[in-house]
Amino acid sequence: MTTKNKIIDLRSDTVTRPSDAMRKAMAYAEVGDDVYGEDPTINRLEGLAADLLGTEAAIFTPSGTQSNLVALLSHCGRGDEYIVGQNAHSYKYEGGGAAVLGGIQPQPLEFEPDGTLDLDKVRSVIKPDDNHFAKTKLLCLENTHGGIALPMDYLSEAESFSRTHKLCFHLDGARIFNAAVKNNVSVSDISSRFDSISFCLSKGLGAPTGSLMCSTSGLVKQARRWRKVLGGGMRQAGIIAAAGIYALENNIERLAEDHDNAGALAAGLSGIDELTVIYEQAQTNMVYLECNEETSRELGKYLTEKGILIRPAPTIRLVVHLDVNRNDIEKVVESFKSFFKKQVL
Ligand SMILES: *Cc1c(COP(=O)(O)O)cnc(C)c1O
């Protein structure tokens, strides 16, 4: 695609397309039947993920939804409960899978503005051991949440809280690498706090699909059974795992560019009076804008004509990723400015 006709898609970081080099890695991937454990590329990806996150084992799944779900199903049984954020992906955006398929009751709590769950509030919803109640079994966090990297000291408090209250501790780390790059720590400094971690290859890392659930060998063994039950036992899926290996080997450090570009986007848009730009220090690759709903729809139409895609809403989320460069950011800022100038005239 020529630069002139390039579509700048800011709706999500899931929209990235595999690069030529990634496609080449996919084309030449060595494959086998993974349900027999015989796909060498999947085995390599699982080993690489476990090494990076510092866990005993890892399992490749087609999606982050399935990766969170196999973790929850492996930790919790029917009648158990997990504590989770009200807006957490694993609660709100995964079709209620834990409850629907696992008989696992969610106990949602509002997130704090920094993406954490207040541990005093968590303590207050832990149920006593009593026949009236579901058994509180697990605490689930999300990092990044709304693009915000959770504070590192909070993670260690939440870890000791979970140990004290004998809760399993799961991280929906769909964007854990953004959090690690933002905090300038290795990803294992984050993952080592948790009993299990799910992360996505298909977001800012730029792979077409796939997630990994990382944990102990015992839990991953159970997850392998649940993955089969859920229809996630794939065959020569090394062809997609190869994209994941390429992503982990090439696309982690460059996430810093996305964070810089998001900062530049926020700074560029902050001069527009009609918009409120929400962009915290801990923000990674997302910028949020508040704007009146009708304006937002008009803005969406105007930008589409200019080859810029956003999702109109009262709070607009703009997501920066590896298919958006600094020139694109400048074009986006200019286009926003010309839209609002037009509005005034
Ligand atoms: C994208 C995402 C997931 C997984 O989504 P899939 O589309 O199923 O891969 C899980 N959690 C969070 C926070 C996400 O953003």
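In the block above lies the structure referred to throughout.
Criteria and cut-off values
- Residues numbered from 1 in each chain as written.
- Predicted model: local features only at pLDDT ≥ 70, side-chain atom pairs only at ≥ 80, totals over all residues.
- Heavy atoms only, no water.
- Helix = DSSP H or I, 4+ residues; strand = E, 2+ residues; numbered from the N terminus.
- Rg over C-alpha atoms; globule rule 2.2 N^0.38 Å.
- Buried < 20%, exposed > 50% of the residue type's maximum accessible area, 1.4 Å probe, protein only.
- Near = heavy atom within 4 Å.
- Polar contact = N/O pair within 3.5 Å; in protein donor to acceptor, adjacent residues only side chain to side chain.
- Areas by Shrake-Rupley, 256 points an atom, 1.4 Å probe, with all protein chains shown as cover.
- Salt bridge = Lys/Arg side-chain N within 4 Å of Asp/Glu carboxyl O.
- Contact = heavy atoms within 4.5 Å.
- Pairing = 2+ DSSP bridges.
- Axes fitted to C-alpha atoms, helices over the stretch in contact; angles between N-to-C directions.

J.: For this particular structure, what's the right way to read the overall build of the protein?
T.: Of regular secondary structure, the protein possesses 14 helices and twelve strands. The C-alpha radius of gyration of the protein comes to 21 Å, within 12% of the 20 Å expected for a compact globule of 345 residues. Seen along its three principal axes, the alpha-carbon backbone of the protein occupies a region of about 65 × 50 × 35 Å. Split into buried and exposed, the 345 residues of the protein put 52% on the buried side.

J.: Explain the site of the ligand to me, please; I cannot follow it from the model alone.
T.: By nearness alone, every residue bordering the ligand is listed as Ser63, Gly64, Thr65, Asn68, His89, Glu94, Glu142, Asp172, Ala174, Arg175, Cys200 and Lys203. The separation between an oxygen atom of the ligand and a polar side-chain atom of threonine 65 is 2.6 Å. In the environment of the ligand, an oxygen atom lies 2.8 Å from a nitrogen or oxygen atom belonging to the side chain of lysine 203. Contact with the protein chains removes 81% of the 380 Å² of surface that the ligand exposes when unbound. Broken down by element, the residue count for the shell around the ligand peaks at three residues, all from helix α3 (residues 64-75).

J.: Help me understand the pattern of salt bridges in this model?
T.: Per the counting criterion, the structure on display carries 15 salt bridges. Residues aspartate 328 and lysine 6 are paired through a salt bridge, measuring 2.4 Å at the closest nitrogen-oxygen approach. Here aspartate 328 is found in helix α14 (residues 326-344), whereas its partner lysine 6 is found in the segment before β1 (8-9), with 322 residues between them in sequence. A salt bridge links glutamate 298 to lysine 301; its shortest N-O distance comes to 3.4 Å. Taken together, the residues span about one helical turn, with glutamate 298 and lysine 301 both in helix α13 (residues 293-305) at a distance of three residues. Here glutamate 298 falls in the partly exposed class, since its relative accessible area comes to 35%. Lysine 301 sits in the exposed class, given a relative accessible area of 52%. The structure contains a network of salt bridges with shared partners spanning Glu159, Arg163, Arg193 and Asp195.

J.: Looking at this structure, how should I read the environment of glycine 233?
T.: Mapped onto the elements, glycine 233 comes out in the loop between α10 (217-229) and α11 (238-250). The class for glycine 233 is partly exposed, based on a relative accessible area of 24%. On a C-alpha basis, the gap between glycine 233 and lysine 24 in space is 24 Å, while along the polypeptide they are 209 residues apart. Discounting residues that sit within four places of it in the chain, glycine 233 has contacts with Val35, Arg227 and Lys228.

J.: Help me understand the side chain of arginine 227 in this model?
T.: In this structure, arginine 227 sits in helix α10. Take arginine 227: its relative accessible area is 4%, and that puts it in the buried class. The contacts of arginine 227, once residues within four sequence positions are left out, are Asp34, Glu46, Ile59, Phe60, Thr61, Gln66, Val70, Gly232 and Gly233.

J.: When you look at the sheet that holds strand β12 (residues 315-319) in this model, what are you seeing that I'm missing?
T.: What holds strands together in a sheet is hydrogen bonding between their backbones, with the strands either parallel or antiparallel. Ordered in space as β9-β10-β12, the three strands form an open sheet in which the pairing is antiparallel. On the outer flanks of this sheet lie β9 (276-278) and β12, each paired with one strand and no other. Each strand of the sheet is rotated relative to its neighbour by a mean of 25°, with strand direction disregarded. Relative to β12, strand β10 (residues 286-290) runs antiparallel, the two being bridged by five bridges. Among the inter-strand pairings, leucine 289 is bridged to a residue of β12, identified as isoleucine 316. Where helix α12 (residues 255-269) meets the sheet, its contacts fall on β9, β10 and β12, and the angle it forms with β10 comes to roughly 20°.

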